[in-house]
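Structural characterization, general
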Amino acid sequence: MKRVITYGTFDVLHYGHINLLKRARSYGDYLVVVLSSDEFNKIKNKQSYYPYEQRKIILEACRYVDLVVPEVNWEQKVDDIKKYYADIFVMGDDWRGKFDYLNNYCKVIYLDRTPDVCSTTTKQHLKSN
Ligand code: C2G
């Protein structure tokens, strides 16, 4: 049983997120998504359109996701890897190098981001119409 873990805000879920979740899940049998809380998004200087509870419900409906838990700070990743017995940590390559320290605890994989789609532009487009 290989367990995979990933992190993010996953606001206004789009095919770039799904592409990430699908590939992350394919490395194992179980995918834990650690979802940024609204308070942590403030620390990340991110304003999500959907509040945490709604982003959680949307992610839990995704076939590639087995568990969604809150991300509340930058420091929780090592504890999470232990708590959820993660064998593999996956992030988009916009984070390449940033989480290499986690190689002491599990395999770290950075996946190519899906080009030309992101929540911010989607929200801006929706606003302008
Ligand atoms: N992503 C992607 N392709 C896109 C957009 C996003 O592959 N077009 C990936 C990101 O690389 C990330 C995941 O989808 O791995 C979630 O994206 P965000 O919600 O933007 O995540 P972020 O705000 O970067 O949060 O502690 C880590 C942070 O919580 C990461």
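Read on for a plain summary of the structure. Please read all numbers here as calculations on a predicted model, not as lab measurements.

Once that is clear, we can look at the overall build of the protein chain. Counting its secondary structure elements, the protein chain contains five helices and five strands. The order of helices and strands in the protein chain, counted from the N terminus, is β-α-β-α-α-β-α-β-β-α. Its C-alpha atoms give the protein chain a radius of gyration of 14 Å, near enough to 14 Å, the size a compact globule of 129 residues would have. Each of the three principal axes of the protein chain carries a C-alpha extent, and together these read 45 × 30 × 25 Å. Every one of the 129 residues in the protein chain was classed for burial, and the buried ones make up 47%. Summarising the internal contacts of the protein chain: among those between residues at least 6 apart in sequence, 65% fall at separations of at least 24.

Among the five residues in strand β5 (residues 107-111), four count as buried, and that is most of the element. As paired elements, strand β4 (residues 88-92) and β5 share five bridges and run parallel to each other. Across the sheet, residue Ile88 finds its bridge partner in β5, namely Lys107.

Here Gly28 is to be found in the loop between α1 (15-25) and β2 (30-36). The class for Gly28 is buried, based on a relative accessible area of 15%. For the pair Gly28 and Asp87, spaced 59 residues apart in sequence, the C-alpha separation works out to 8.5 Å. Excluding anything up to four places from it in sequence, Gly28 contacts Lys2 and Val4.

Here we come to the nonpolar core. Counting residues in each nonpolar core, the largest one holds 18 residues, and the members touching the most others are Leu21, Leu31, Val33, Leu59, Val65, Val68 and Val90. Contributions of two or more residues to this core are made by α1, β2, α3 (52-60), β4 and β5. Setting aside its immediate chain neighbours within four residues, Val90 contacts Val4, Ile5, Thr6, Tyr7, Leu20, Ala24, Tyr27, Ile109 and Leu111. Residues Ile5, Tyr30, Ile81 and Ala86 belong to the second largest nonpolar core, which totals 17 residues.

Calculation rules
Residues numbered from 1 in each chain as written. Predicted model: local features only at pLDDT ≥ 70, side-chain atom pairs only at ≥ 80, totals over all residues. Heavy atoms only, no water. Helix = DSSP H or I, 4+ residues; strand = E, 2+ residues; numbered from the N terminus. Rg over C-alpha atoms; globule rule 2.2 N^0.38 Å. Buried < 20%, exposed > 50% of the residue type's maximum accessible area, 1.4 Å probe, protein only. Contact = heavy atoms within 4.5 Å. Pairing = 2+ DSSP bridges. Core = buried A, V, L, I, M, F, W, Y, C linked by side-chain atoms within 4.5 Å.

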